Amino acid sequence: MNAGAGAHSGTGEATASLCQAILDFDSDETLRLSLARLDAGEAPALIIDDCRAAMKIVGDRYATGEYFLAELILAGEIFKRVVELLRPRLQLAGAGDSQGTVVLATLRGDVHYIGKDIFATLLEAAGFTVHNLGVDVSPERVVTAARAVDAEFVGFSGLLTTTFEVMKEATGLLRGAGFGEAPRILIGGGVTTSDVRDYVGADFQTRDAMEGVAWCTQVAQRVRRGQ
Ligand code: B12
């Protein structure tokens, strides 16, 4: 099996072999290569980007019928183990005053959570307090949670196009819920685009967790300065 050209976000041979290990569903080799790169001082975010490129290939092969559900599950399990390995390094920053409170969820009908949990970890590393509601969450539960913790941000992760309607419903409920100031709403996940952001009525969209953290940080700073 070949990793395929042009899909990598990192550099050179290290990227290609990590990608290939995932496409070979070789969990031990994937973890060994990830650990070697960590020990060599590489940023965990780069390793995640490479794994994501491999997951994209797995998804594409599933879409064309070359892979089946079993391969999706296998690749997902391997990626989850990589994220567990990297998590302590991703979390290094996070002490001190909270930058703000974020409620996160994958909404009704969607059980993908790997990307959401990466975003949650990076937010915590940047000093945010995160209430991660999990997957298959109803819009009503999001509103209840956002109100209970007085959330400044609410994030939805979506990997299925069928979730767009539910994101729209949840956004509408949040905007109409009579908060003093409604929380900022951001969406992310492999199938989201700026058009989807406009459709669901969110404030921000990204498929890059680091970009999501940067946006939350900027907004939180602006709010603190009263701008
Ligand atoms: C692994 C996987 C699974 C695993 C999920 C494991 C898990 N625990 O999460 C399992 C096997 C369960 C699964 C099931 C299904 N899957 Co699936 N799956 C994938 C796969 C291969 C990878 C997803 C992934 O983890 N990517 C890696 C993460 C890191 O990327 P990410 O989520 O985009 O997250 C990054 C950013 O987007 C961002 N981010 C994520 N969330 C958020 C949120 C916010 C607020 C912000 C700011 C940022 C952010 O942070 C991350 C890092 O930067 C994708 C293919 C793909 N191209 O993504 C298909 C894919 C998503 N699955 C698909 C399908 C069809 C299914 C099934 C319907 C299959 C079936 N017949 O049963 C079911 C649906 C089950 C359900 N009800 O949800 C399709 C969706 C097609 C569509 N357009 O709707 C895809 C695209 C595959 C394909 N090409 O056909 N799947």
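Within each chain, residues carry numbers counting from 1 in the order of the written sequence. Confidence filtering applies because this is a predicted model: local features only for residues at pLDDT of at least 70, side-chain atom pairs given and counted only at 80 or more, and all residues used for totals across whole chains, interfaces and linings. Only hydrogens and water are set aside when side-chain values are computed; all heavy atoms of the structure are taken into account.

1. Observations concerning helix 2 (residues 27-39)
Reasoning step 1: Each helix is a run of DSSP H or I of at least 4 residues and each strand a run of E of at least 2, with the numbering of both proceeding from the N terminus. Here, expected helix span is obtained from the residue count minus one, scaled by 1.5 Å. Taking 1.5 Å of rise per residue, the 13 residues of helix 2 would be expected to cover 18 Å, and the 18 Å separating its terminal C-alpha atoms lies within 8% of that figure.
Reasoning step 2: Just downstream of helix 2, Gly 41 is the residue with a positive phi angle, here 95 degrees.

2. Looking at the packing of helix 2 against helix 3 (residues 44-63)
Reasoning step 1: Interaxial distance between helix 2 and helix 3 falls to 10 Å at its minimum, and their mutual angle equals 155 degrees. On the basis of the axis angle, helix 2 is roughly antiparallel to helix 3. Judged by the twist between their axes, the crossing of helix 2 over helix 3 is right-handed. Residue-level contacts link Ser 34, Arg 37 and Leu 38 of helix 2 to Pro 44, Leu 46, Ile 47 and Asp 50 of helix 3.
Reasoning step 2: Residues are grouped as follows: Ala, Val, Leu, Ile, Met, Phe, Trp, Tyr, Cys and Pro are nonpolar; Asp, Glu, Lys and Arg are charged; all remaining types, including Gly, are polar. In terms of residue class, the contact of helix 2 with helix 3 is made up of 4 nonpolar, 1 polar and 2 charged. An axis is simply a line fitted to the C-alpha atoms; with a helix, the fit covers only the stretch in contact. Between two such axes, the angle follows the N-to-C directions and lies from 0 to 180 degrees. Relative orientations are named as follows: roughly parallel for angles under 35 degrees, roughly antiparallel for angles over 145 degrees, roughly perpendicular for angles from 65 to 115 degrees, and oblique for any other angle. In this scheme the handedness of a crossing depends on how the near helix is turned from the far one: anticlockwise by less than a right angle means left-handed, clockwise means right-handed. Only heavy atoms matter for contacts: two residues are in contact if any of them lie within 4.5 Å across the pair.

3. Observations regarding the site of the ligand
Reasoning step 1: A single heavy atom is enough: if one lies within 4 Å of a molecule or strand, its residue is considered near that molecule or strand. Within the structure, the ligand sits among 37 residues, and Gly 59, Val 111, His 112, Tyr 113 and Ser 157 are positioned closest to it.
Reasoning step 2: In protein, a polar contact means a hydrogen-donor-capable atom and an acceptor-capable atom, both N or O and within 3.5 Å, with residues adjacent in sequence counting only if both atoms are side-chain atoms; elsewhere, any N or O pair within 3.5 Å suffices. Arg 52 is positioned with one of its side-chain polar atoms (N or O) 3.3 Å from an oxygen atom of the ligand.
Reasoning step 3: Cavity: a set of points on a 1 Å grid over the protein atoms alone where a 1.4 Å probe fits but cannot get out. Pocket: an open set with protein on both sides within 12 Å along at least five of seven lines, its lining residues, like those of a cavity, having an atom within 4 Å of a point. Put plainly, a molecule is in a cavity or pocket when over half of its atoms are within 2 Å of the grid points there. Counting atoms within 2 Å of the grid points, the majority share of the ligand lands in the largest pocket.
Reasoning step 4: Only helix 3, helix 4 (69-90), helix 5 (114-125), strand 3 (153-157) and strand 4 (184-188) provide two or more residues apiece to the shell around the ligand.
Reasoning step 5: Counting residues per element, the shell around the ligand draws most heavily on helix 3, at 6 residues.
Reasoning step 6: Each of two domains, domain 1 (12-90) and domain 2 (101-224), supplies a minimum of three residues to the shell around the ligand. As annotated, the domain borders come from an automatic or database domain assignment.

4. Some thoughts on the pairing of strand 3
Reasoning step 1: Using a 1.4 Å probe on the protein chains alone, a residue whose accessible area is under 20% of its type maximum counts as buried, one over 50% counts as exposed, and one in between counts as partly exposed. Burial runs high along strand 3: 5 of the 5 residues are buried.
Reasoning step 2: In strand 3, alternate side chains face the same way, and those of Phe 153, Gly 155 and Ser 157 on one face and Val 154 and Phe 156 on the other are all buried.
Reasoning step 3: For strand 1 (residues 101-106) and strand 3, the ladder comprises 5 bridges, and the chain directions are parallel. Paired with Val 102 across the two strands is Phe 153, which belongs to strand 3.
Reasoning step 4: Bridge analysis of strand 3 against strand 4 gives 5 bridges, and the strand direction is parallel. Think of it this way: DSSP has to see at least two bridges between two strands before they count as a pair.

5. Brief notes about the domain arrangement of the chain
Reasoning step 1: In terms of domain boundaries, the chain breaks down into domain 1 (12-90) and domain 2 (101-224).
Reasoning step 2: Here the C-alpha centroids of domain 1 and domain 2 sit 25 Å apart.
Reasoning step 3: A 1.4 Å probe defines the accessible area here, and the buried area is the portion of it lost by two parts on being joined, summed over both. Together domain 1 and domain 2 conceal approximately 800 Å² of surface at their shared face, both sides included; 68% is due to carbon and sulfur atoms.
Reasoning step 4: Any Lys or Arg side-chain nitrogen located within 4 Å of an Asp or Glu carboxyl oxygen qualifies as a salt bridge. Counting across the interface, domain 1 meets domain 2 through 0 salt bridges.
Reasoning step 5: If you list the elements that add at least two residues to the side of domain 1 that touches domain 2, you get helix 3 and helix 4.
Reasoning step 6: Residue classes in the side of domain 1 that touches domain 2 are distributed as 4 nonpolar, 1 polar and 3 charged.

6. As for a nonpolar patch on the surface
Reasoning step 1: A contiguous nonpolar patch, built from Tyr 62, Leu 69 and Ile 73 and spanning about 300 Å² of accessible area, is present on the exposed surface.
Reasoning step 2: In this structure, Ile 73 sits in helix 4. Patches draw on residues past 30% relative accessible area with no salt bridge. Two like charges within 9 Å are joined, as are two nonpolar side chains (Val, Leu, Ile, Met, Phe, Trp, Tyr) within 5 Å. Residue exposure ignores everything except the shown protein chains as possible cover, and the areas themselves are Shrake-Rupley values with a 1.4 Å probe.

7. Here's the deal with the nonpolar core
Reasoning step 1: Counting 41 residues, the largest nonpolar core has Phe 79, Leu 123, Phe 153 and Cys 216 as its most contacted members.
Reasoning step 2: Those elements that provide at least two residues to this core are helix 1 (12-23), helix 2, helix 3, helix 4, strand 1, helix 5 and helix 9 (209-224).
Reasoning step 3: Here this core takes 7 residues from helix 4, the largest share from any one element.
Reasoning step 4: Shared between two domains, this core holds at least three residues of each, these being domain 1 (12-90) and domain 2 (101-224).
Reasoning step 5: Residues in contact with Phe 79, not counting those within four places in the same chain, are Ile 48, Cys 51, Arg 52, Met 55, Ile 114 and Ile 118.
Reasoning step 6: Of all hydrophobic cores here, the second largest spans 24 residues; its members include Ala 146, Val 154, Phe 156 and Ala 202. Residues belong to a common nonpolar core when they are buried Ala, Val, Leu, Ile, Met, Phe, Trp, Tyr or Cys residues joined through side-chain atoms within 4.5 Å.

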